[in-house]
Each structure stands twice: as C-alpha cells, then as structure tokens.
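Structural description and commentary
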Amino acid sequence: MSQDINEIRNHIDTIDNQILDLFKQRMDAAGEIASYKSEHKMPVLDRARERTILTEAADRVPEELASYAQVLMSLLMEASRARQSKVLVGQTPIVDEIEAALAESPELFPTTAFVACQGVEGAYQQIATDRLFKHANINYFDTFEGVFRAVEQGFCEYGVLPIENSTAGSVNEVFDLMMKHDFHILRTCRLKVDHNLLAKPGTRLEGVRDIYSHEQAIAQCSHYLQSLSGVRVHVCENTAIASKMVAESDRDYVAALASRACADLYGLTSLAQAVQDRDDNYTRFACIGRDLTIYPGADRSSLMLVVSNEPGSLFKVLAKFYALDINIIKLESRPIEGRDFEFMFYFDVDCPVAAPEFKELMSTLGNVCEQLRYLGSYREVL
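What comes next concerns the included structure. (Residues numbered from 1 in each chain as written. Predicted model: local features only at pLDDT ≥ 70, side-chain atom pairs only at ≥ 80, totals over all residues. Heavy atoms only, no water.)

1. Here's the deal with the overall build of the protein
Filter applied, for reference: Numbering goes from the N terminus for both helices and strands, where a helix is a DSSP run of H or I of at least four residues and a strand is a run of E of at least two. The reference for a compact globule is 2.2 Å times residues^0.38; the radius of gyration itself is calculated from the C-alpha atoms. Three exposure classes are used, based on accessible area relative to the maximum for each residue type with a 1.4 Å probe and protein chains only: buried under 20%, partly exposed in between, and exposed over 50%.
Scanning the protein for helices and strands turns up 13 helices and 15 strands. For the protein, the C-alpha radius of gyration of 27 Å lies well beyond 21 Å, the compact-globule estimate for 382 residues. Its C-alpha atoms put the protein at 85 × 60 × 40 Å along the principal axes. For the protein, buried positions account for 47% of its 382 residues.

2. Regarding helix α4 (residues 93-104)
Rules: The length a helix should cover is 1.5 Å for every residue beyond the first. Directions are taken from the helix axis to each C-beta atom, and the arc is the one they span. Here, two residues are considered to be in contact whenever any of their heavy atoms come within 4.5 Å of each other.
With 12 residues, α4 extends 16 Å from end C-alpha to end C-alpha; this agrees with the ideal 16 Å at 1.5 Å per step. Burial in α4 covers these residues: I94, V95, I98 and A101. Looking down the long axis of α4, one finds its buried residues gathered within 130 degrees of arc, a one-sided arrangement. Opposite the buried face of α4, by more than 90 degrees, sit the exposed residues P93, A103 and E104. Packing partners of the buried residues in α4 comprise α13 (356-364) and β15 (371-381).

3. Remarks on the pattern of salt bridges
Stated formally: Every case where a carboxyl oxygen of Asp or Glu lies within 4 Å of a side-chain nitrogen of Lys or Arg is listed as a salt bridge.
Under the counting rule described, the total for this entry stands at 18 salt bridges. Put simply, E164 and K330 hold a salt bridge, and the shortest N to O gap is 3.3 Å. With E164 in strand β3 (residues 158-165) and K330 in strand β13 (residues 327-335), this residue pair connects regions lying 166 residues apart in the sequence. Linking R300 and E380 is a salt bridge whose minimum nitrogen-to-oxygen distance equals 3.2 Å. Of the two residues, R300 is situated in strand β12 (residues 300-306) and E380 in strand β15; the sequence distance between them amounts to 80 residues. Looking at E380, the relative accessible area reads 12%, which means it is buried. Each member of the salt-bridge network shares a partner with another, and the members are E164, R190, R284, R300, K330, E332, D348 and E380.

4. Things to note about a nonpolar patch on the surface
What counts is decided by this rule: Patches were defined on residues exceeding 30% relative accessible area and lacking a salt bridge, with like-charge contacts within 9 Å and nonpolar side-chain contacts (Val, Leu, Ile, Met, Phe, Trp, Tyr) within 5 Å. Method for areas: the Shrake-Rupley scheme with a 1.4 Å probe, in which residue coverage is limited to the protein chains shown.
A grouping of V71, L75 and F315 is seen on the molecular surface, where their side chains present a nonpolar patch of about 250 Å² in accessible area. Relative to the elements of secondary structure, L75 occurs in helix α3 (residues 66-88).

5. Some points on the nonpolar core
For the record, the criterion: By nonpolar core is meant a set of buried Ala, Val, Leu, Ile, Met, Phe, Trp, Tyr and Cys residues that side-chain atoms within 4.5 Å join together.
One finds F321, F358, M362 and Y374 to be the most contacted residues of the largest nonpolar core, which totals 27 residues. Counting residues per element, the ones that place at least two in this core are α4, β12, α12 (313-323), β14 (343-350) and α13. No other element matches the four residues that α4 contributes to this core. Setting aside residues no more than four positions away along its own chain, Y374 makes contact with I94, I98, H184, L292, I294, S301, S302, L303, V353, F358 and M362.

6. Some thoughts on the pairing of β3
To keep things clear, this is the line we draw: Paired strands are those between which DSSP finds at least two bridges.
For β3, the tally of buried residues reaches seven of eight residues, placing the bulk of the element in the interior. Strand direction decides the pairing type here: strand β1 (residues 112-118) and β3, joined by two bridges, are parallel. Paired with A116 across the strands is G159, a residue of β3. Bridge count between β3 and strand β11 (residues 282-289): seven bridges; the pairing is antiparallel. Residue pairing in the sheet places N165 in a bridge with T283 of β11. The antiparallel hairpin formed by β3 and strand β4 (residues 169-170) contains three residues in its connecting segment.

Next up, the structure:
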C-alpha cells in the first residue's frame with residue numbers, strides 16, 4: 001500500500017527544517033570567514049575553491065541530479081558571499097563613490113545649464129531638454145557621439161540623449177556609444193511623441209514622393225507609411241534636420257516626419273497629424289554629466305556589466321537582484337566590439353539609492369561578473 005501524500009509531505013517538511021538549520025549554521029560560519037578575511041585583507045571571492053566545491057557536489061549525487069546539486073551549491077555560495085560582504089562593506093570602491101556623491105551633491109537639480117544635443121532646433125532632444133531645465137543654453141552637434149564627447153571633454157556641462165521608445169525600442173547607437181565614453185546619468189524624462197507629416201505650404205498629400213526622418217520615427221510610423229503608395233522613405237540624422245531640409249528644398253514633393261514644433265519653426269504645413277502607430281508613444285531621454293552627482297529623490301539606477309562566457313553566468317547576476325528583492329525595469333544586451341559572442345548587459349533598476357539593499361547589491365555584484373560599471377542614480381521626470 002502506497003504512503004499517504006500527507007505523510008510524504010511531512011517527511012519533506014522534516015528534511016526542509018534540517019536543511020534550514022544547517023543553512024543557518026553555514027551562514028554563521030560564513031560570517032566567521034568574513035571576519036578572518038577582513039583581518040587578513042583577503043578578497044571575498046575565491047574562484048578556485050568554488051570550482052572545487054561545484055565539482056565535488058556533482059560527484060556526490062547521482063548523475064541525473066548533478067546539475068541541480070551544482071545550482072544549489074552556487075546559490076549557497078552566493079548567499080555566503082553576500083553575508084561576507086556585509087562584514088566587509090565599505091571596502092568596495094563603488095560604494096565609497098556613491099556615498100561620497102550622496103554627501104556632496106546639491107539638494108536641487110539645476111535650472112540653467114550649458115547642454116549638448118544632437119540635431120537642430122525643434123528636435124525632440126531639444127524639447128526634452130526644455131522639460132529637464134527651465135533655462136538651457138543648447139549647443140547642437142551632428143551626431144550622438146558628439147554629445148558624449150562634449151560632456152566627456154568638459155565642453156558642455158550636460159548632454160541630453162534619447163535612449164528608448166515605447167514602440168520602437170532602444171536607440172542602439174546610443175547604447176553602443178555608452179560602452180565607449182565616460183559619463184554618468186543624472187536624470188531621465190519621458191516625452192510623449194506625436195509625429196506629423198510636414199511639408200512646404202502648397203504641397204498636397206497625394207503629391208508627396210519622398211519622406212525624410214530619423215529611423216526611430218520611421219519605425220514608429222510604419223503602419224501609416226505603408227498605407228502611402230509610391231512613396232520613398234529616407235533615413236536622416238534627426239526629425240528636426242529632416243524638417244529643415246524639407247523647408248530649404250526646392251522640391252515640392254518632399255515631406256518630413258517630425259514634431260508639431262517643427263512646423264512653426266520651419267514654416268511648414270501639417271499634411272497629417274499624429275501618424276504614429278500607437279497613441280501611447282513615449283521616448284525616454286537621459287541627461288548625462290561627466291561627474292557622478294546624485295540628486296535627492298534618486299530611486300532608479302543604471303549599471304553596465306560583462307559576465308563570463310559560461311553557463312549560468314547571467315543567472316548568478318539575476319539571482320542577486322532576486323535575493324535582494326530589487327526590480328529590474330530594463331535589461332538590454334549589446335555585442336562588445338572585437339569580442340565574438342560576448343555582450344555588455346545594461347540594467348535599469350528600481351530601488352532608492354539610499355536603501356540598504358542597493359548598497360549590498362553594489363557591494364557584491366562585482367563578485368558575479370567580470371566587469372561592473374555604475375552609471376548613476378537618478379529620478380525620472382514624467
């Protein structure tokens with residue numbers, strides 16, 4: 001006669017209680033190890049010992065359980081490292097940098113600034129800049145890289161860049177440039193985007209043959225563009241640049257996808273309004289600066305990291321966020337130039353910068369990745 005399921009469950013409960021008692025003992029021992037490492041200036045991570053433990057764990061169980069045993073031991077060792085890091089906290093340079101920024105940063109976000117933007121007057125970056133600053137002196141650059149360089153070299157105090165759109169996704173060029181330049185994110189904002197088909201006065205919709213805009217705007221208006229027959233679509237650097245080019249053109253069959261502000265700015269007429277595929281079309285912009293500054297109310301943070309090219313590497317990183325109950329609101333991967341099949345992972349996390357769990361995350365995350373770069377903590381303006 002088979003056992004009653006409740007009897008089996010009671011047996012499992014007994015085993016679980018024994019496991020938890022042993023887990024508490026293991027964590028106490030990890031605290032003692034941390035004290036020893038602190039006294040003797042030893043690092044938390046000992047990769048050689050961890051590899052040995054994982055190999056032995058696989059050998060001690062039946063073959064079909066080997067991978068599960070290694071996952072279990074990996075999680076136990078990760079918990080031990082977290083416990084040790086609590087004892088050793090303050091020795092992590094990133095934590096020291098964050099604490100120094102919190103102590104030294106101004107209480108108020110600036111209202112006036114010298115800001116770098118890509119494009120020309122009327123671009124969505126300019127509109128976003130006016131949302132972030134009351135009085136901004138804007139210097140325009142031809143490329144996104146020009147904005148990064150202006151901030152990095154101290155030519156401009158701040159830069160404003162688009163990073164993602166609710167319809168078309170991330171601005172890949174900007175994410176690729178993030179890997180090449182030194183900067184910090186100081187604030188972000190979301191801007192509702194309404195694209196309009198703009199042309200010179202007198203142009204009729206049925207006469208339009210060429211439409212110019214930025215690739216993101218084109219992607220966001222794909223359904224509308226597909227409904228037009230005999231029209232060629234061209235990618236250019238910026239929606240405002242497209243508007244300016246149409247205004248200065250001697251052709252009467254060209255149009256631009258751009259904001260309503262560009263119509264007034266460049267003397268154009270709107271042939272069609274709000275032609276984006278979705279009405280809830282938002283673009284997120286980041287305000288960057290050279291120095292780390294953390295203003296009050298910062299409840300989001302951005303990180304870039306590289307994990308080893310082996311099974312379970314990303315899982316160990318994600319497990320860290322899960323264990324600390326920190327919500328990941330964006331995860332983006334971009335290939336690393338010159339390194340085949342290796343990726344840089346970009347994280348946006350939702351957690352107050354002053355929260356103990358964020359400090360613990362930044363103290364221990366470097367133990368489970370090859371490279372870690374902290375881009376800043378900030379508040380998002382809606």
